[in-house]
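Secondary and tertiary structure notes
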Amino acid sequence: MDWSHYRFRSVWDLPAPPADVYVVLEQAENYPLWWPQVREVTRIDERSGVFRIRSVLPYDMTFTGREVRRDPAGGVLEIAMSGDIDGWARWTLTADGPGTRAQYDQEVDVGKPLLRRLAVPGRPVFRANHALMMRAGRRGLRAYLEAV
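As a starting point, this report considers the structure included with it. (Residues numbered from 1 in each chain as written. Predicted model: local features only at pLDDT ≥ 70, side-chain atom pairs only at ≥ 80, totals over all residues. Heavy atoms only, no water.)

**A closer look at the pattern of salt bridges**
For the structure shown, the criterion picks out 14 salt bridges. Its salt-bridge partner being Arg101, residue Asp13 comes within 2.9 Å of it at the nearest N-O pair. Placement of the pair is Asp13 in strand 1 (residues 5-14) and Arg101 in strand 7 (residues 99-110), with a sequence separation of 88 residues. We classify Asp13 as partly exposed; its relative accessible area is 35%. For Arg101, a relative accessible area of 38% corresponds to the partly exposed category. Linking Arg52 and Glu40 is a salt bridge whose minimum nitrogen-to-oxygen distance equals 3.3 Å. With Arg52 in strand 3 (residues 48-53) and Glu40 in strand 2 (residues 38-45), this residue pair connects regions lying twelve residues apart in the sequence. (Salt bridge = Lys/Arg side-chain N within 4 Å of Asp/Glu carboxyl O. Helix = DSSP H or I, 4+ residues; strand = E, 2+ residues; numbered from the N terminus. Buried < 20%, exposed > 50% of the residue type's maximum accessible area, 1.4 Å probe, protein only.)

**Some thoughts on helix 1 (residues 18-25)**
By the burial criterion, the buried members of helix 1 are Val21, Tyr22, Val24 and Leu25. The arc enclosing the buried residues of helix 1, seen along the axis, measures out at 165 degrees, which places them on a common side. (Arc of directions from axis to C-beta.)

**Here's the deal with the side chain of Asn129**
Residue position: Asn129 is located in helix 4 (residues 119-147). Classification of Asn129 by relative accessible area gives buried; the value is 8%. If near-sequence neighbours (up to four positions away) are discounted, Asn129 is found in contact with Ser55, Val56, Leu57 and Tyr59. (Contact = heavy atoms within 4.5 Å.)

**Structural notes on the packing of helix 1 against helix 4**
The contact between helix 1 and helix 4 brings their axes to 11 Å, and the two run at 115 degrees. Taken together, the axis directions place helix 1 and helix 4 in an arrangement best described as roughly perpendicular. For the pair helix 1 and helix 4, the crossing hand works out as right-handed. Contacts between helix 1 and helix 4 involve Asp20, Val21, Val24 and Leu25 from the former and Leu141, Tyr144 and Leu145 from the latter. (Axes fitted to C-alpha atoms, helices over the stretch in contact; angles between N-to-C directions. Parallel < 35°, antiparallel > 145°, perpendicular 65-115°, else oblique. Left-handed = near helix turned anticlockwise from the far one by under 90°.)

**Description of the side chain of Glu78**
Mapping Glu78 onto the fold places it in strand 5 (residues 76-83). Every residue in contact with Glu78, bar those within four places of it in the chain, is listed here: Arg66, Glu67, Val68, Arg69, Trp88, Ala89 and Arg90.

**A few points about the nonpolar core**
One broad rule of soluble globular proteins: the nonpolar side chains tend to lie buried together. Counting 37 residues, the largest nonpolar core has Trp12, Leu25, Tyr31, Trp34, Trp35, Trp91 and Leu141 as its most contacted members. Here this core takes five residues from helix 4, the largest share from any one element. Ignoring any residue separated from it by four or fewer positions in sequence, one finds Trp35 in contact with Trp12, Trp91, Met133, Met134, Ala136 and Gly137. (Core = buried A, V, L, I, M, F, W, Y, C linked by side-chain atoms within 4.5 Å.)

Next up, the structure:
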């Protein structure tokens, strides 16, 4: 087992129709407006940008995200990631009554040297850190959608 390899899945129930949620999620440069742990997104071009994230633990992760799939009709947004984390992340949106069920899937390898050295003893803490980040993102996006 590669202790620096992670698979994550989060499901968020959101109070807006999928088309509205999609519009917000496809504007990654605005994530810092509603997701506190996404500290900065710097657009490189129309399909890529540099993300700097930081959750509870005192370290930043920086990666380049490059769009590989944008399907508004299917409710799918997917990026390839390279940098401190390498892999992919995907949003899949489906209607759920008057709202949206947003599923976030991510599969990554951690490349940051300190995190690789701490991979075995730190794994439960790293997973908890990710869970806290996702919980805050869900709360932030819900509030953002309700405000617009």
